[in-house]
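Listed here are the chains, written in short residue letters.
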Amino acid sequence: MTDAPTTAPASPNATAGAEAPPDATALAELVCRGEVSPAELVEETIGRIERLDPVLGAVTVPMFPRARTHARAPLPDGPFRGVPLLLKDLGALLSGERYTAGMGVLRSAGYKAGVTSHVTQRFDDAGFVICGRTNAPELGLTVTTEPVATGPTRNPWDPQCSTGGSSGGSAAAVAAGLVTVAHAGDGGGSIRIPASECALVGLKPSRGRISHGPVAGQGWAGAATDGVLTRSVRDTAALLDVLAGPEPGDPYTAPPPLRPYRDEVGAAPGALRIGVVDALGGPAHPSVGAAVRSAADLLAELGHAVTDGHPTALEELDGLGRSQSTVIAVHVAAEVAAYEAELGSAIDLDDLEHETRMFTSWGRQVEATRYVDALDWQHAWTRRLLSWWRTDDRGSGFDLLLCPTTTVPPPPLGWLSDPATSGTRVRDMIQFTSPFNTSGQPAISLPLWWDEDGLPIGVQLVAAANREDVLVRIAAQLEAARPWAYRTPPIFATSGPEVLTPDDMP
């Protein structure tokens, strides 16, 4: 990859801030002690959105009147009572409220959701106050958040850079301090890539851990899942406790944990065997390689057995890409058809963005046998991949894989949205994230490195199937050894009541 942005490695401890801002757990504790009210938190959140979002472009569907009403009404006595939350404008439906899935046609039609998703209901039951929806690319089909309908979301670390996608609006909102936590979703890296590019914690849960009901049984043949973006491991763990668990009618579910994930924070992970890979099919970008090697050294210092090694199945990128594209195309075509039925009229392909138009046209032509063949290939490949984590004589016995989250630092806006080059660049960007959507394994991106330009670069840890507990333990250990929450982007530190515009940013 010769035309990517290039930088040299730099110290991960440069430009440290003085104090970490409160996370969602801390805000909930303040509410519980009566030191602040839900209404006060919501007003502060609305004020920050009104002041900072004109430059960020993170919140595309404000729900301020609803948030104010809910904050003043009796809230469920959940673990996050009164804490403001933003929902990604893709997934997590809320009955009677506007929803666009990043699509201009739905936005123009004033489309509103007819049901509430189980994941949204769980946020409500936990006591969160929903304040709006965040920007997302059309149907989540790329790894940058630059939809035509609403414009780009800008990275708080550098407003000329992408936030990643498809949960880029949520990532920008949390990184800039609009909220402490936001809903996200991941079908090929859409939680982890924004987490990497915005210096956040981004966990993709195991397949079946979080319900897709009541509308769907699974997304993208089980590759897609809901989740959150946060600034702390304890928030991520506690939110997984909130969202995890089966709902009636789910076609399958992940096995329940032995104890709450929140209890894994601070628990000793033991001495783990960790394999490391920083590149597939070519040399690593210098900053990405530096981030992975620095994390490997830190893990070794913490007492883990760290060696170079990875599943050979990860090298089957061409076959994996073909099967994933077939599956996604069929699901996108079906999703467009479902919206046509709800709108009562056909959607003109010319009203769709390039990726959506391409996948819709292709998906309408895929034969059923070809779709099943793609699924069968993925199942066989997943068995080859997962054997690397097996501890018996048919596996390698590794506990974790350490690898990049993204293959380059946060790229400039436009670098991933040009139809002439986006296909190749997106495939390159997701080579370390999308495999684990297909396999259904849990994976987490952690903000352990910043390059010499001050841009964050996350590293990814991947556990065996259904072992989020291992990921939470090791993530908390790394967070304690190399804290990151005190580091905030320039837009976060901006003070004053004035509304910011792009002209105010460097």
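Residues numbered from 1 in each chain as written. Predicted model: local features only at pLDDT ≥ 70, side-chain atom pairs only at ≥ 80, totals over all residues. Heavy atoms only, no water.

All right, on to the overall build of the chain then. The helix and strand inventory of the chain stands at 16 helices and eleven strands. The C-alpha atoms of the chain give a radius of gyration of 21 Å, which matches the 23 Å a tight globule of 506 residues would have. Overall size of the chain, expressed as C-alpha extent along the three principal axes, is 60 × 55 × 45 Å. Here the chain holds 506 residues, and the buried ones make up 59% of them. Taking the intrachain contacts of the chain between residues at least 6 apart in sequence as the baseline, contacts between residues at least 24 apart amount to 79%. (Helix = DSSP H or I, 4+ residues; strand = E, 2+ residues; numbered from the N terminus. Rg over C-alpha atoms; globule rule 2.2 N^0.38 Å. Buried < 20%, exposed > 50% of the residue type's maximum accessible area, 1.4 Å probe, protein only. Contact = heavy atoms within 4.5 Å.)

Structurally, the position occupied by Val143 is in the loop between β3 (129-134) and α6 (168-175). Taking relative accessible area as the criterion, Val143 reaches 4% and is therefore assigned buried. Remark: the alpha-carbon pair of Val143 and Ser162, spanning 19 residues in sequence, is separated by 9.0 Å.

It is worth spelling out the side chain of Ser422 at this point. Along the chain, Ser422 falls in helix α13 (residues 422-429). Here Ser422 falls in the buried class, since its relative accessible area comes to 4%. In contact with Ser422, not counting residues within four places along its chain, are Glu355, Leu416 and Ser417.

A few words now on the packing of helix α10 (residues 317-343) against helix α12 (residues 368-386). For the pair α10 and α12, the least separation of the axes is 9 Å and the interaxial angle reads 135 degrees. Here α10 lies oblique to α12, going by the angle between them. As α10 runs across α12, the sense of the crossing is left-handed. Taking contact as the criterion, the partners of Gly319, Leu320, Ser323, Gln324, Thr326, Val327, Val330 and His331 in α10 are, on α12, Arg370, Tyr371, Ala374, Leu375, Trp377, Gln378 and Trp381. A breakdown of the residues in the contact of α10 with α12 according to their chemical character gives eight nonpolar, six polar and one charged. (Axes fitted to C-alpha atoms, helices over the stretch in contact; angles between N-to-C directions. Parallel < 35°, antiparallel > 145°, perpendicular 65-115°, else oblique. Left-handed = near helix turned anticlockwise from the far one by under 90°. Nonpolar A, V, L, I, M, F, W, Y, C, P; charged D, E, K, R; others polar.)

Further remarks concern the pattern of salt bridges. By the definition in use, this model includes 17 salt bridges. One salt bridge connects Arg122 with Glu247, and the closest N-O pair in it is separated by 3.1 Å. Here Arg122, found in helix α5 (residues 118-125), pairs with Glu247, found in the loop between α8 (233-243) and β7 (273-276); they are 125 residues apart in sequence, far enough to count as distant. Taking the shortest distance from any N to any O, the salt bridge between Asp278 and Arg293 comes out at 3.4 Å. Placement of Asp278 in the loop between β7 and α9 (286-301) and of Arg293 in helix α9 is noted, with a sequence separation of 15 residues between them. In this structure, a network of salt bridges that share partners links the residues Arg259, Glu264, Arg467, Asp469 and Arg473. (Salt bridge = Lys/Arg side-chain N within 4 Å of Asp/Glu carboxyl O.)

Right, let's talk about the pairing of strand β9 (residues 400-404) for a bit. Of all five residues in β9, five are buried; the element is thus mostly enclosed. Where β7 lies against β9, three bridges are found, and the strand directions are parallel. Across the sheet, Gly275 pairs through a bridge with Leu401, a residue of β9. (Pairing = 2+ DSSP bridges.)

Turning to the side chain of Glu355, a few remarks are in order. Here Glu355 shows up in helix α11 (residues 354-363). Arg357 provides the closest opposite charge to the buried, unpaired Glu355, separated from it by 7.9 Å. Among residues more than four places away in sequence, those in contact with Glu355 are Leu141 and Ser422. (Lys, Arg positive; Asp, Glu negative; His and termini not counted.)

What follows deals with the packing of aromatic side chains. By convention here, two paired aromatic rings are described through the distance between centres and the angle between planes. Enumeration according to the criterion identifies nine aromatic pairs in this entry. With a centroid separation of 6.3 Å and an interplanar angle of 15 degrees, the aromatic rings of Phe359 and Trp362 are classed as stacked. One end of the pair, Phe359, and the other, Trp362, are both in helix α11, three residues apart, so they sit about a helical turn from each other. A residue is classified by how much of its surface remains accessible, and Trp362, at 28% relative accessible area, is partly exposed. Chaining the aromatic ring pairs together yields one cluster made of Phe80, Phe123 and Phe128. Taking NZ or CZ as reference, Arg273 lies 4.0 Å from the ring centre of Phe398, over its face. In this structure, Arg487 is placed above the aromatic ring of Trp450, and the distance from its NZ or CZ to the ring centre is 3.9 Å. (Phe/Tyr/Trp six-rings, centres within 6.5 Å; stacked < 30°, edge-to-face > 60°. Lys NZ or Arg CZ within 6 Å of the ring centre and 35° of its normal.)

A few words on the nonpolar core. Membership of the largest hydrophobic core comes to 68 residues, with the highest contact counts inside it found for Phe80, Phe123, Phe128, Leu400, Leu402, Leu446 and Leu461. In terms of residues, this core owes the most to one element, α9, which gives eight residues. Not counting chain neighbours up to four residues away, the residues in contact with Phe80 comprise Ala24, Thr25, Ala28, Ala126, Gly127, Phe128, Asp235, Ala238, Leu239 and Val242. If you look at the next biggest cluster of nonpolar residues, it comprises 33 residues, including Val42, Val55, Val59 and Leu500. (Core = buried A, V, L, I, M, F, W, Y, C linked by side-chain atoms within 4.5 Å.)

Attention now goes to the environment of Ala271. On the secondary structure map, Ala271 appears in the loop between α8 and β7. Spatially, the C-alpha atoms of Ala271 and Gln160 are 41 Å apart, while their sequence positions differ by 111 residues. Setting aside chain neighbours within four positions, we find Ala271 in contact with Gly303 and His304.

Time to look at helix α15 (residues 468-481). Since the α-helix advances by 3.6 residues per turn, residues separated by three or four positions end up pointing in the same direction. Along its 14 residues, α15 runs 20 Å from first to last C-alpha, staying within 8% of the 20 Å computed at 1.5 Å per residue. In terms of burial, α15 is a largely internal element, eleven of the 14 residues being buried. Listing the buried residues of α15 in full gives Glu468, Asp469, Val470, Leu471, Val472, Arg473, Ile474, Ala475, Ala476, Leu478 and Glu479. Packing partners of the buried residues in α15 comprise β5 (201-204), α8, α9, β9, β10 (443-450) and β11 (456-463). (Expected span 1.5 Å × (residues − 1).)

All right, on to the confidence of the model for the chain then. Here the chain shows a mean pLDDT of 94. Residues at 70 or above account for 94%. Here residues 1-17 is a poorly scored stretch, pLDDT under 50, and it has 43 contacts once near neighbours within four places are set aside; other chains count. (pLDDT = per-residue confidence, 0-100.)

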